[in-house]
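# Observations on the three-dimensional arrangement
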Amino acid sequence: MTPTSSQQTYTDLLIQYQPKPIKTEQDYNKALTVVEGMMSGELTEAETALFELLVLLIENYESLHYSMGKSKPVATLESLMHEFDVQPTSLVGVFGSAEIVREVLNGQRQVSQSQAESLAKFFNDHYSGLSVTALDF
């Protein structure tokens, strides 16, 4: 399966690729190959829709077969801070004080529900395209 660059409709692409739930490693590898091929160029609107569908199918398969378990809230926070170069001082408004930020990052204090909601809002407001939820923390 190789991605198409012609102006096919979404229906044409669905007929060509026939996406379906991924149930085997072979199906998974085929879907990965198609998605990786699509990542190398400009996509039409129809190709983008197919790409997004395939990514969802891949993510579903991976969550069932390659589960990494629940991450700790601190690991999620640290990952986001690293990814977006957020300094601990930037989170004082979320947590209320530098000391609380330090305690959370050191694992000495849990992230409360209201703090998790504030963290999600902070990252979503500052970094477009993110869809972090309080459940991530």
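Above this text you will find the structure in question.
Being a predicted model, the structure only gives us computed values, none of them experimental. The residue count restarts for each chain, going from 1 along the sequence in the order it is written. Local features are withheld for residues below a pLDDT of 70 in this predicted model, meaning they are given only at 70 or higher, and side-chain atom pairs are given and counted only at 80 or more; totals for whole chains, interfaces and linings count all residues. Think of the side-chain values as coming from all heavy atoms in the structure, minus any hydrogens and water.

## Side note on the packing of helix α1 (residues 10-17) against helix α3 (residues 45-65)
Comment: axis = line fitted to C-alpha atoms, over the contacting stretch for helices; angle = value between 0 and 180 degrees taken between N-to-C directions. For helices the rule is a DSSP run of H or I covering at least 4 residues; for strands it is a run of E covering at least 2, with both sets numbered from the N terminus onward. At their nearest, the axes of α1 and α3 sit 8 Å apart, and the two run at 45° to each other. Considered as vectors, α1 and α3 are oriented oblique to each other. Between α1 and α3 lies a crossing whose hand is right-handed. Each of Y10, L13, L14 and Y17 in α1 lies in contact with α3, whose residues at this interface are A46, E47, A49, L50 and L53. Residues are sorted three ways: Asp, Glu, Lys and Arg are charged, Ala, Val, Leu, Ile, Met, Phe, Trp, Tyr, Cys and Pro are nonpolar, and all the rest, Gly among them, are polar. Considered class by class, the residues forming the contact of α1 with α3 number 8 nonpolar, no polar and 1 charged. Note that the term roughly parallel is reserved for angles under 35 degrees, roughly antiparallel for angles over 145, roughly perpendicular for angles of 65 to 115, and oblique for everything else. The hand of a helix crossing depends on one turn: near helix anticlockwise from the far one by less than a right angle means left-handed, and clockwise means right-handed. Contacts: residue pairs with any heavy atoms within 4.5 Å of one another.

## A word on helix α4 (residues 73-83)
Looking at α4, one finds that the buried residues are V74, T76, L77, L80 and M81. The buried residues of α4 all sit within an arc of 160° when viewed along its axis, so they share a single face. Opposite the buried face of α4, at more than 90 degrees from it, the exposed residues are H82 and E83. The elements touched by buried residues of α4 are α5 (92-95), α6 (98-105) and α7 (113-126). Partly exposed describes any residue whose relative accessible area lies between the buried limit of under 20% and the exposed limit of over 50%, with all areas from a 1.4 Å probe on protein chains only and scaled to the type maximum. In this description, the arc belongs to the directions extending from the helix axis to the C-beta atoms.

## Remarks on the packing of helix α2 (residues 25-38) against α3
At a minimum axis separation of 10 Å, α2 and α3 run at an interaxial angle of 145°. Of the two elements, α2 crosses α3, and the hand of that crossing is left-handed. Only E47, L50, F51, L54, V55, I58, Y61 and E62 of α3 make contact with α2, whose side of the interface consists of E25, Y28, A31, L32, V34, V35 and M38.

## Side note on the pattern of salt bridges
By salt bridge we mean one thing: a side-chain nitrogen of Lys or Arg within 4 Å of a carboxyl oxygen of Asp or Glu. Enumeration over the complete set of coordinates arrives at 2 salt bridges. Across the pair E103 and R109 runs a salt bridge, and its minimum N-O distance is 2.8 Å. Here D125 makes a salt bridge to K121, at a shortest N to O gap of 2.6 Å. Note that D125 and K121 are positioned in helix α7 at a spacing of 4 residues, about one turn of the helix. Grouping residues by exposure puts D125 and K121 together as exposed.

## Structural notes on the nonpolar core
Soluble globular proteins tend to bury their nonpolar side chains together. Counting 20 residues, the largest nonpolar core has L77, M81, L91, F95, L119, F123 and F137 as its most contacted members. Listed by contribution, the elements that provide at least two residues to this core are α4, α5, α6 and α7. Sort the elements by how many residues they give to this core and α7 lands first, with 5 residues. For L77, the residues in contact, after removing those within four places along its chain, are L91, F95, V104, L105, L119, F123 and F137. Counting residues in hydrophobic clusters, the runner-up holds 14 residues, among them A31, V34, M38 and Y61. Put simply, buried Ala, Val, Leu, Ile, Met, Phe, Trp, Tyr and Cys residues joined by side-chain atoms within 4.5 Å make one nonpolar core.

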